[in-house]
Structures are given as C-alpha cells and as structure tokens.
Amino acid sequence: MIDLHSHSTRSDGRLTPTELVARAANAGVETLALTDHDTIDGLAEARTAASAHGLRLINGVEISVTWQRRTLHVVGLAFDEHDAGLAEGLAALQKVRHDRAERIAAKIEKHGVANALERAQELAGDGQITRPHFARLLTEDGICRDNAQAFKRYLRPGRDGHVSVEWTTLLRAVQWIHGAGGIAVLAHPFGYGFSGAWRQRAVTAFAAAGGDGLEICTGTTDRQQEVTAARDADQHGLAGSVGSDFHAPEQFWLALGRLRALPGGMRSVWDDPRFGD
C-alpha cells in the first residue's frame, strides 16, 4: 500500500510526524511520503518513526506555486533533503508564509480575534503558521461556526481575511526538485476548482516546465476523474502518483492509504529509477 501525499504538524496537519507514521503503519501503508507545505523539517522525525514501524519513508515536500494568478501545488518526491538549492528555495517560501501570516493576523483582529499571530503560533507549535490555524481561531472565538465557515466568510479569495501572495513559479519548483535529484508531481489536478479546460492548461504548463508525474488517485477523486487524469498524464508523458492528502483524523474521507490503484497499465512514479529500491 502506497501513499505519497500527507501532512504533519510541521505544516497544516494535526498529527506530529511520529503520530502520522504510526497511523499510516496501523492502516497498512507500506510506503509513505511526508509532503508538508514548503518545508522538510519533519522528515528526520518521520524517518525515525518509520524505522521503528518497518515502514518505508519517502522524502517529500509540497511546494506552493503561482501560475496564471492561481495557486498550484507541486509535490517533490525522493530528493536529497540536504540539497542547498532546495533548502534556499524553501527558505524563501517560508518567508512568504511568515509575511502572509502577519497580514492575515492583522486582518482578522479587526473582526474580533485577539492576539491572532501569537495564538496562531501557539497552535502551530514548531511548525509553520497556516490558514487553518487562523480558521481555528475564528471558530474558537465564536466568530464562525467551524473551520469551513471561517474559510468561506474570511479566508478564501475575495474575503476580508484573505491575503494574496506570489509563491514561486512552476519552472523554479521543478528545477529545485530536479536539482535535488527528485521527482516532480503536480498535486491533485481536480483540487483547484478548475474547469476542464483550465485543468488541461495547468497540466500542459507543468509538463512544459519539465514535470515528471501527475497525482491520479487522491482522497477525493472518483474513478471517472482518475481515468480522466490518467488520460491527461498519458497525453503529456507523465507518470501516475497516488496520495490521500491526509491532514487530520477527523477528515475521515482522506484516510491514509485508502486509495484505488492506478488505472490499468499506467506507468507510476515509483517505477522511476530516482525513486530508489
């Protein structure tokens, strides 16, 4: 059982890397990639836990990209975590994230959330501050019913708490991953709210930037979407990947490892020599 997209408390997940690996192992996952947003800080802890559970851990990261004024996510797999170029790129994105957090905090404080930045950092612990942390504050303070409403009313584009940022480019994200010897995968192509035409444009742009794979089976795709994504991948010579995009136990529909197999005969990213034995 393979799951190549998951998150821990080092970004916007609710489990520590150790807890995440234990949950994956208990679910029968044999190969797991920890792909926190724009950080690889959880990999060392996850690797120790993976060794204890007899689980194969793949180095991973989910890099934020700005394309056509939209945000895309590129998953890097099986790279050298000590590569200087990747580290420099991720450090730049962490600065963007910190600046965004300061601006979001200032905005939601105007709507009644006290000490937003300090409290968001407490929620994040050793990890980075992300939008879900601010959603939790809006919920805790009774301003919103739940996290979903917090995003809908305050944190999504066009709302008072939203902050637009420029991430990196598709080309740079792929270059950072390749420079570290890794495999670049466009995450959840059906997860951006795109029309079919825009989804195909995004896949085309990713392939043109040198991308290697496309996530086919995720925690939210149905079989028809998976067949469509596989067709898109084949058209551009991209390998298939699978990943739940697990964040938290309460999101039961994103359970670790609960993924269908790639559509018949499709080339997979784990067949790539860079993926290792």
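Residues numbered from 1 in each chain as written. Predicted model: local features only at pLDDT ≥ 70, side-chain atom pairs only at ≥ 80, totals over all residues. Heavy atoms only, no water.

**Section: the overall build of the protein**
Working step 1: Within the protein, the regular secondary structure consists of 9 helices and 7 strands.
Working step 2: What you see for the protein is a C-alpha radius of gyration of 18 Å, in line with the 19 Å of a compact globule of 277 residues.
Working step 3: Along the three orthogonal principal directions, the C-alpha set of the protein runs to about 55 × 45 × 35 Å.
Working step 4: Evaluated residue by residue, the protein yields a buried proportion of 53% over its 277 residues.
Working step 5: For the protein, the accessible area works out to roughly 12300 Å², and carbon and sulfur atoms hold 48% of it.
Working step 6: Across the protein, the mean location of the 30 positive side-chain charges is 9 Å away from that of the 35 negative side-chain charges. (Helix = DSSP H or I, 4+ residues; strand = E, 2+ residues; numbered from the N terminus. Rg over C-alpha atoms; globule rule 2.2 N^0.38 Å. Buried < 20%, exposed > 50% of the residue type's maximum accessible area, 1.4 Å probe, protein only. Areas by Shrake-Rupley, 256 points an atom, 1.4 Å probe, with all protein chains shown as cover. Lys, Arg positive; Asp, Glu negative; His and termini not counted. Charge placed at Lys NZ, Arg CZ, Asp CG, Glu CD.)

**Details of helix H4 (residues 116–124)**
Think of an α-helix as 3.6 residues a turn; residues three or four steps apart then line up on the same face.
Working step 1: All of the buried residues along H4 are Ala116, Arg119, Ala120 and Ala124. Summarising the axial view, the buried residues of H4 lie within an arc of 145°, below the 170-degree limit, and thus occupy one face. Facing away from the buried surface of H4 by more than 90 degrees, the exposed residues are Glu118 and Glu122.
Working step 2: Elements that come into contact with the buried residues of H4 comprise helix H3 (84–109) and helix H5 (131–140).
Working step 3: Residue Gly125 follows H4 closely and has a positive phi angle near 65°. (Arc of directions from axis to C-beta. Contact = heavy atoms within 4.5 Å.)

**Topic: helix H9 (residues 223–235)**
Working step 1: Compared with the 18 Å implied by 1.5 Å per residue over 13 residues, the 18 Å span of H9 between its first and last C-alpha is a close match.
Working step 2: Within H9 the residues assigned to the buried category are Glu226, Thr228, Ala229, Ala230, Asp232 and Ala233.
Working step 3: Where the residues of H9 are buried, they touch helix H8 (196–208) and strand S6 (213–218).
Working step 4: Measuring from the side-chain oxygen of the N-cap residue of H9 to the backbone nitrogen of Gln224 gives 3.1 Å; that N-cap residue is Asp222. (Expected span 1.5 Å × (residues − 1). Polar contact = N/O pair within 3.5 Å; in protein donor to acceptor, adjacent residues only side chain to side chain.)

**Some thoughts on the pattern of salt bridges**
Working step 1: Throughout the structure, instances matching the rule amount to 13 salt bridges.
Working step 2: Of the charged contacts, one joins Glu250 and Arg14 as a salt bridge, the two residues approaching to 3.1 Å between their closest N and O atoms. Remark: Arg14 occurs in the loop between strand S1 (2–3) and helix H1 (17–26) and Glu250 occurs in the segment after strand S7 (239–243); sequence separation between them is 236 residues.
Working step 3: Lys95 serves as the salt-bridge partner of Asp99, at 3.0 Å between the closest nitrogen and oxygen. Of this pair, Asp99 and Lys95 both sit in helix H3, separated by 4 residues, roughly a single helical turn.
Working step 4: A relative accessible area of 31% means that Asp99 is categorised as partly exposed.
Working step 5: Classification of Lys95 as exposed rests on a relative accessible area of 54%. (Salt bridge = Lys/Arg side-chain N within 4 Å of Asp/Glu carboxyl O.)

**Here we look at the sheet that holds strand S4 (residues 70–77)**
Working step 1: A sheet is described by the order of its strands in space; here 7 strands give the open sequence S1-S2-S3-S4-S5-S6-S7, paired in mixed fashion. The open sheet has two free edges, formed respectively by S1 and S7, since each of these has just one partner strand.
Working step 2: Inspection of the sheet shows S4 paired to strand S5 (residues 183–186) by 4 bridges, in the antiparallel sense. Counted as the bridge partner of Val75 is Val185 from S5.
Working step 3: Its contacts with the sheet put H8 on strand S3 (56–67), S4, S5 and S6, and the angle it makes with S5 is roughly 170°. (Pairing = 2+ DSSP bridges. Axes fitted to C-alpha atoms, helices over the stretch in contact; angles between N-to-C directions.)

**Quick look at the packing of H3 against H5**
Working step 1: Where H3 meets H5, the closest approach of the two axes is 11 Å, and the angle between their N-to-C directions is 20°. One way to sum up the angle between H3 and H5 is to call them roughly parallel. Considering only the axes of H3 and H5, their crossing is right-handed. Residues Arg100, Ala101, Ile104, Ala105 and Ile108 of H3 form the contact with H5, whose participating residues are Arg131, Phe134 and Leu138.
Working step 2: Residues belonging to the contact of H3 with H5 are distributed by class as follows: 6 nonpolar, no polar and 2 charged. (Parallel < 35°, antiparallel > 145°, perpendicular 65-115°, else oblique. Left-handed = near helix turned anticlockwise from the far one by under 90°. Nonpolar A, V, L, I, M, F, W, Y, C, P; charged D, E, K, R; others polar.)

**Some remarks on the side chain of Asp232**
Working step 1: Tracing the backbone through its elements, the reader meets Asp232 in helix H9.
Working step 2: Its relative accessible area of 3% is what places Asp232 among the buried residues.
Working step 3: Of note is the side chain of Asp232, whose polar atom sits 3.0 Å from the side chain of Arg199.
Working step 4: When residues no more than four places from it in sequence are discounted, the contact partners of Asp232 are Arg199, Gln200, Val203 and Leu214.

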